[in-house]
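Each chain, letter by letter, is given below.
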Amino acid sequence: MAELQLLHISKVYKDNYAVHNFNLTILPNEFIVIVGPSGCGKSTLLRMIAGLESVTEGKIIYDGKKINDVPSKTRNFAFVFQNYAIYPHMNVYSYLSFGLKMQKIPKREIDKRVKQVASLLGIDHLLTTNSMELSGGEKQRVALGRAMVRKAELFLMDEPLSNLDPSLRFQMRNEIINLHRKLEKTFIYVTHDQTEAMTMGDRIVVMKDGQVLQVGKPEEVYRKPNNLFVAQFLGSPGMNFFTCKFHRRECIVGNHKIPIPEEMVKVLANYDLQKEIILGIRPEDIQIQSRRKQESTFKVKIDKTELLGAERLIYTTSNNQPFIIKTSSDISLEDGQEISIALNTEKIHFFDKNTEKRIV
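Notes on the structure follow.

You can see Ser135 is positioned in the loop between α3 (107-121) and α4 (136-149). Judged by its relative accessible area of 35%, Ser135 falls in the partly exposed class. Residues Ser135 and Leu164, spaced 29 residues apart in sequence, show a C-alpha to C-alpha distance of 9.7 Å.

Right, let's talk about unusual backbone geometry for a bit. With omega at 0°, the peptide bond leading from Ser236 into Pro237 counts as cis. Within the secondary structure layout, Pro237 lies in the loop between α8 (228-233) and β11 (240-247). The phi dihedral of Asn29 is positive, around 70°, even though this residue is not glycine. Take Asn29: its relative accessible area is 31%, and that puts it in the partly exposed class. Look at Lys151: it is not a glycine, yet its phi comes out positive at around 60°. Position of Lys151 among the secondary structure elements: in the loop between α4 and β7 (154-158).

The next subject is the layout of surface pockets. Roughly 530 Å³ of internal volume is contained in the largest pocket. For the lining of the largest pocket, the secondary structure elements donating two or more residues are β6 (77-80), α2 (92-102) and α4. Considering every element that reaches the lining of the largest pocket, the biggest residue donor is α2, with five residues. Among the residues making up the lining of the largest pocket, the classes are represented as 17 nonpolar, four polar and three charged. Residue lining of the second largest pocket: 18 residues in total, with Met264, Glu346, Ile348, His349 and Arg358 positioned closest to the centre. For the lining of the second largest pocket, the secondary-structure elements that each account for two or more residues are α7 (218-223), α9 (262-268) and β20 (349-352). A total of three residues in the lining of the second largest pocket trace back to one element, the largest contributor, which is α9. Considered class by class, the residues forming the lining of the second largest pocket number eight nonpolar, two polar and eight charged.

What follows concerns the packing of α2 against α4. A pair of packed helices can be characterised by two numbers: the angle between their axes and the separation between those axes. One can describe the packing of α2 onto α4 by two numbers: an axis separation of 8 Å at closest approach and a directional angle of 30°. One element, α2, and the other, α4, form an angle in the roughly parallel class. For the pair α2 and α4, the sense of crossing is right-handed. Of the residues in α4, those in contact with Val92, Tyr95, Leu96, Phe98, Gly99 and Leu100 of α2 are Val142, Ala143, Gly145, Arg146 and Val149. Its residues assigned to classes, the contact of α2 with α4 shows eight nonpolar, two polar and one charged.

Turning to the pattern of salt bridges, a few remarks are in order. Under the definition given, this model contains 10 salt bridges. Between Asp111 and Lys115 there is a salt bridge whose closest N-O contact spans 3.2 Å. Of the two residues, Asp111 and Lys115 both sit in helix α3, four residues apart, roughly one turn of that helix. Asp111 gets classed as partly exposed once you look at its relative accessible area, which sits at 25%. Taken together, the salt bridges that share partners define one network made up of Lys11, Arg47 and Glu53.

Tracing the chain through its elements places Arg173 in helix α5 (residues 166-183). Put simply, Arg173 is tucked away with no salt bridge, and the nearest opposite charge, on Glu196, sits 5.5 Å away. Once residues lying within four places of it in the same chain are set aside, the contact partners of Arg173 are Leu161, Thr195, Glu196, Thr199 and Met200.

With respect to the element layout, Ala50 can be found in helix α1 (residues 42-50). Owing to a relative accessible area of 5%, Ala50 belongs among the buried residues under this scheme. Along the chain, Ala50 and Ile176 lie 126 residues apart, while their C-alpha atoms are 19 Å from each other. Setting aside residues no more than four positions away along its own chain, Ala50 makes contact with Ser72, Arg75, Phe79 and Leu156.

Turning our attention to α5. Taking 1.5 Å as the rise per residue, α5 with 18 residues should run 26 Å; its terminal C-alpha atoms sit 26 Å apart, in good agreement. Residues of α5 that are buried: Leu168, Met172, Arg173, Ile176, Ile177, Leu179 and His180. Looking at the buried residues of α5, the elements they touch are β3 (31-35), α3, α4, β7, β8 (186-191) and α6 (194-200). N-cap assignment for α5: the residue whose side-chain oxygen lies 3.0 Å from the backbone N of Leu168 is Asp165.

So, about the packing of α4 against α5. Contact geometry for α4 and α5: axes closest at 11 Å, N-to-C directions at 20°. One finds that α4 runs roughly parallel with respect to α5. The way α4 lies across α5 gives a crossing that is right-handed. In this structure, α4 contributes Gly136, Gly137, Gln140, Arg141, Leu144 and Met148 to the contact, and α5 contributes Leu168, Gln171, Met172, Glu175, Ile176, Leu179 and Leu183. Residues belonging to the contact of α4 with α5 are distributed by class as follows: seven nonpolar, four polar and two charged.

Conventions used here
- Residues numbered from 1 in each chain as written.
- Predicted model: local features only at pLDDT ≥ 70, side-chain atom pairs only at ≥ 80, totals over all residues.
- Heavy atoms only, no water.
- Helix = DSSP H or I, 4+ residues; strand = E, 2+ residues; numbered from the N terminus.
- Buried < 20%, exposed > 50% of the residue type's maximum accessible area, 1.4 Å probe, protein only.
- 1 Å grid on protein atoms, 1.4 Å probe; cavity = no way out; pocket = protein on both sides within 12 Å on 5 of 7 lines; lining within 4 Å.
- Points joined across faces, edges and corners; volume = space filled by probe spheres on them.
- Nonpolar A, V, L, I, M, F, W, Y, C, P; charged D, E, K, R; others polar.
- Axes fitted to C-alpha atoms, helices over the stretch in contact; angles between N-to-C directions.
- Parallel < 35°, antiparallel > 145°, perpendicular 65-115°, else oblique.
- Left-handed = near helix turned anticlockwise from the far one by under 90°.
- Contact = heavy atoms within 4.5 Å.
- Salt bridge = Lys/Arg side-chain N within 4 Å of Asp/Glu carboxyl O.
- Lys, Arg positive; Asp, Glu negative; His and termini not counted.
- Expected span 1.5 Å × (residues − 1).
- Polar contact = N/O pair within 3.5 Å; in protein donor to acceptor, adjacent residues only side chain to side chain.

Structure below.
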């Protein structure tokens, strides 16, 4: 087990940066999830680590050695592709053992590794099955098995669950987490799914336009987003935003006055009071009140509701600014109904309107 360092990594295609000045140190046995929208450069980064793409600028350091020019086949990094890359003419045993045969590993050792891995993944009953006959979940386990039999030092996964249906994705997510614990290897996992990022990673890396916007533990990034994009991208749905002004100990949003926690008052006291700022609050941090309980409570009309099993989303508008409330589905609500709401002032965030960065 060794540390992986990505130092000022960039990838340029025809004068355009797919990845720009990426920096990250990944610790041994860490589970890193790189998350971002399609086209943000996360898969390109993964392919550079694997040696499938050249590095335009920067250094990849593994175990203290620069590996930019080390061929992919000698890096001993396992790559699990989005489309599984399973050979249709092979049965599962042949597919799992193919790479080992190319390395001229003795047959007895190959047989031992294949059966051990198949047992661990629960696919030992599929060893004689043709690859074309496998279900999506079975193909995913077989693709993981191909990576595991190599005894790779580092596992790279490029959106491996994106082709599965939601219920199977949930199951495979847990299997990959358990697999990481059993193997005690470093995992780097790429996804555009923020639920996968929040539930799987020791740390998550949020990317946009080829650049890193924030790195941290999932809860830390969720609770303290660095900027508007991270705040909106993480969460289902993302954070609500209101344009407002700070006045004395309150934030003025349209006709509403929202009290500000003491520690934030001290921060905003040094801010340009003539300047508009952005107040952010997550949908679950807005409460529905049965009656007008406090000064910060105000009334809104429900535009529509959306039932999500145990939870309900409420879409509404205040001062021409749409926002979403997440509440329990036990509360009986109807479209067009007027309700009183209150913001949990301990959970509000402020962002600079021009730079979009969090004010801290």
